[in-house]
Each structure stands twice: as structure tokens, then as C-alpha cells.
Amino acid sequence: MSLSPPAFPSRSALCFTLTLALAAASCGTPTADDTAQRAVMNDLAHEVMLPIYDELEKEALPLPPAVAAFCDAPTEATLTAAQAAWRAARVPWKHAEAFRFGPVEDLRIGSAIDFWPARTDSIESAITAAPEPVMATHIASLGVSTKGLPALEFLLFDPAGGNAAVLASLGGADAAGKKRCTYARALAEAIAMNTTTAQDAWSLEGGAFVDQVAKAGSGSSLFLTGQDGIARVVNLLISAMIAVSENRVSGPLGIVSGTGPDPTLVESRFSDNSIDDLLGTLRGVEDVYLGRHGDRSGRGISELVAARSPAIDSSVKKAFTDAMAATSAIPAPLRTAITENPAAVTKAQDALRVVRRLLSTDVASVLGVAVTLSDNDGD
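Remember, predicted model here, so these are calculated numbers, not experimental data.

To continue, consider the packing of helix H2 (residues 35–60) against helix H13 (residues 226–253). The N-to-C vectors of H2 and H13 enclose an angle of 50 degrees; their axes lie 7 Å apart at closest approach. Comparing the axis directions of H2 and H13 gives the class oblique. Here H2 and H13 pass one another in a crossing that is left-handed. Within the contact between the two elements, H2 uses Gln37, Arg38, Val40, Met41, Leu44 and Met49 and H13 uses Gly226, Gln227, Gly229, Ile230 and Val233.

Our next topic: the pattern of salt bridges. Going through the model one piece at a time under the given rule, you end up with 24 salt bridges. Put simply, Asp34 and Arg38 hold a salt bridge, and the shortest N to O gap is 2.9 Å. The buried category is assigned to Asp34, whose relative accessible area is 6%. A salt bridge links Lys317 to Asp313, with the shortest nitrogen-to-oxygen separation between them at 3.0 Å. Note that Lys317 and Asp313 are positioned in helix H16 (residues 310–328) at a spacing of four residues, about one turn of the helix. Given the relative accessible area of 35%, Lys317 is considered partly exposed. Salt bridges sharing common partners tie together Arg90, Lys94, Glu97, Arg100, Glu105, Asp114, Arg248, Glu267 and Asp277.

What follows concerns the packing of helix H9 (residues 148–156) against helix H11 (residues 175–202). Close contact between H9 and H11 brings their axes to 9 Å; oriented N to C, the two are set at 150 degrees. Taken together, the axes of H9 and H11 lie roughly antiparallel to each other. Here H9 and H11 pass one another in a crossing that is left-handed. Along the contact surface, H9 presents Gly148, Leu149, Ala151, Leu152, Phe154 and Leu155, while H11 presents Arg180, Tyr183, Ala184, Leu187, Ala188 and Ile191. The class makeup of the residues in the contact of H9 with H11 is ten nonpolar, one polar and one charged.

This part takes up the nonpolar core. Judged by nonpolar contacts, the single largest core of 108 residues is most densely connected at Phe99, Leu152, Trp202, Ile301 and Leu367. Ranked by residue count, the leading element in this core is H13, at 13 residues. Residues contacting Phe99, with those up to four places away along its chain left out, are Met49, Ile52, Tyr53, Trp202, Leu236 and Val288.

Turning next to the packing of aromatic side chains. Applying the stated criterion across every chain yields a total of nine aromatic pairs. Judged by centre distance (6.0 Å) and plane angle (70 degrees), the ring pair of Phe101 and Trp202 falls under edge-to-face. Here Phe101, found in the loop between helix H4 (76–96) and helix H5 (103–106), pairs with Trp202, found in helix H11; they are 101 residues apart in sequence, far enough to count as distant. Of the residues examined, Phe101 reaches a relative accessible area of 1% and is grouped as buried. For Trp202, a relative accessible area of 0% puts it in the buried group. With a centroid separation of 5.5 Å and an interplanar angle of 75 degrees, the aromatic rings of Phe101 and Phe209 are classed as edge-to-face. Of this pair, Phe101 sits in the loop between H4 and H5 while Phe209 sits in helix H12 (residues 209–214), and the two are 108 residues apart along the sequence. Both residues of the pair, Phe101 and Phe209, belong to the buried class. Through pairs of rings, three or more aromatic residues link up here, namely Tyr53, Phe99, Phe101, Trp202 and Phe209.

Our focus in this paragraph is unusual backbone geometry. Of note, the amide linkage connecting Trp116 to Pro117 takes the cis form, showing an omega dihedral of -5 degrees. The amide bond that connects Glu132 to the next residue, Pro133, takes the cis arrangement and shows omega of -5 degrees. With respect to the element layout, Pro133 can be found in the loop between helix H7 (120–129) and helix H8 (136–141). The backbone of Arg108 shows a phi angle near 60 degrees, a positive value even though the residue is not glycine. As for its position among the elements, Arg108 is in the loop between H5 and helix H6 (109–113). For Arg108, a relative accessible area of 67% gives the class exposed. At Asp272, a residue that is not glycine, the phi angle is positive and equals roughly 55 degrees. By secondary structure assignment, the location of Asp272 is in the loop between H13 and helix H14 (274–290). By relative accessible area, which is 30% here, Asp272 ends up partly exposed.

Rules and cut-offs
Residues numbered from 1 in each chain as written. Predicted model: local features only at pLDDT ≥ 70, side-chain atom pairs only at ≥ 80, totals over all residues. Heavy atoms only, no water. Axes fitted to C-alpha atoms, helices over the stretch in contact; angles between N-to-C directions. Helix = DSSP H or I, 4+ residues; strand = E, 2+ residues; numbered from the N terminus. Parallel < 35°, antiparallel > 145°, perpendicular 65-115°, else oblique. Left-handed = near helix turned anticlockwise from the far one by under 90°. Contact = heavy atoms within 4.5 Å. Salt bridge = Lys/Arg side-chain N within 4 Å of Asp/Glu carboxyl O. Buried < 20%, exposed > 50% of the residue type's maximum accessible area, 1.4 Å probe, protein only. Nonpolar A, V, L, I, M, F, W, Y, C, P; charged D, E, K, R; others polar. Core = buried A, V, L, I, M, F, W, Y, C linked by side-chain atoms within 4.5 Å. Phe/Tyr/Trp six-rings, centres within 6.5 Å; stacked < 30°, edge-to-face > 60°.

In C-alpha cells form, the structure reads like this:
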């Protein structure tokens, strides 16, 4: 299916907008020599960040045809294929959450793709009120609580009734079933269009936001110095870890509210993709720290830290390994683990908090970065 992305501002307009929006954040003064910081920013832009956005578009584009194939011929096989496409698109999106800034925030793409927890009553109301046929342009006009990956997940998965329930509700031959599937198809198209917009904004052929990051301290209007860029990236990593450890683990455990476990606060609770989501974001944070992604590698935050304190760098690397292991050890799914295996979830939360603490204290201190975030940040 050929998708036409929504109107996107020209490169010059985008740069102007970003410059205005982020000028206040880039208020550092040039340092005598931040060659190392500039080199890291260049590699993070080209070896980690842009490749992840390339993957996001690549994995999201098969989603509309997969959902359309299911709607045209609702079977267990076509439903499973649509669900697999949803999970595939989820992977690079969670990696990208490690550095959620730039076009994805300025153009409000992030919340349009992934607003959670899913508000099922809002989604049902939106389906009822939607004009027929439901088009992606209509989805684009809706509030974030009724679209994106969580809304599509709600329609494609049913943890209680399984695929039989989805086939009955979404694949039904009656008018209500057909409208739900048309809504799902439009959701998938809107998600794919948003990922194309994000990738285009980052690419050299489009908005060239990658240049704003790569040229920190050497021509970027976003980051006047390499140190400005490093400071922003470190704060983004801390924000991502706050979202993971506090919003997505502490919240469902009931630690924040004090009211006990609440499965409705678990991310991706319909697909039981929650633990993979946690690992995906953690992997994205680790990739930025190490300056690698897949088979690509360059200089990351680790190189700067190791040059000043090998001990801190070793501690951070060990913390990532420990957090990966503890999170992977949570008995799936997370929505039941918070009540049936709270000790395992708490152990993972503790390990995730160690990563966050090391980034916000030791790493920030050794790199001379001011932490501008709090527990209320993230997501």
C-alpha cells in the first residue's frame, strides 16, 4: 500500500522552528575544546539514532497491509500476521524512546504513536462516532487517547478471550465488526504515516535533523557546543529510565499510589508485550550509552565517561547487564506478575533504578552535566 505522509514543514521551516523551540535549552557557552563530545554526537546521530528511525519506518510500513489483509479475510492466520506486524513495529519504537526529542516531540508524533495507558472507553466512543468509511485522515484529527499503537493493540489482542474473541468482535461479518476493522485499518495507516514523517524529518534527504545532532558544536543551530549536545542526550537517557522504572513498573505495582497493584496501568497489557517493551527501551538507552546499534558501532557516552573514570563506566555497563537480566527474569506476563510475583518485579525495578541513579549522579557528575529532570518527568 502506498502511503502519503501528512504535510510536513520544509527543511528551512523545520530548522527555524527547532531553533526557536530549543534555543533556551542550548544556552551553554563554547568550551575551549570539546572535540571528544562533538565526535560522540556525530556517531550517535549517524550510527544509532538515524538507523533506529530508519528501522521504525521499515517495521511500521508492513502494518497497514497486514491489518487490511485481516479485515479482508478474517482468519486465525491473518490475525496472527497482523499481531506480529504490530509487535515488529513496537521494537524500534521502544528503542527510539531512549532519545525522544526533535521532530517526534516538536510535531507531536510521539504521543500520536504511543499514548498510554490505553483508554478503552475513549477508543470505543471514537469507533462509534467515526464517519464511514474510517480514513487515516480522520484518525489524524482525533485526540491521542484514541489512536496509535495502544489503540490498535486494544483491537487486535484480547488477553481474556484470546484470538477467538478478536475474530468475533473485529472480524465479524456484521456492520459493527466491519466498522471496528475499518477503524483498525485506519489506525495502522496513521501509525505508518507518522513513522514516515519522523524518519523523513531525521533523514538527510528530508528535514535533516540528523545534521542538527551530528554537527553539535560545529554548525548545529540546536547545540552550540558538543557539550550542549551531550548534556541533552544524558538528560534524555535519564528521562527514559524514569519512564521505565517509575511510570511502567512502580505505577502498576502500586508503589506510587499506595493502593496496591493495578494491571490497568501496565503498558501493552492486551498483547502482554510489556516485558519486551521494558527491555526495548532499556536496550535503546544502552545503545546510546555504548554508541552502537545492531551491527553498527561508533563512539558513545561510554567513551567520554571511561576517559574520566573507568570505574564509573564499568559500573554503568554492569548495571545495564543486571537490569536486562532482572527484567528478563520477570515471569510473563507483567500484568499478572505484579500480583503473583511481586518480588521478581520489585527486583527488576531495583535494577532499573540503579541504571537511572548511575546516569543521573555518577555519569552526569563526571561529564559536567546538569540534570534538569525529576521523578515527575518521563513519558
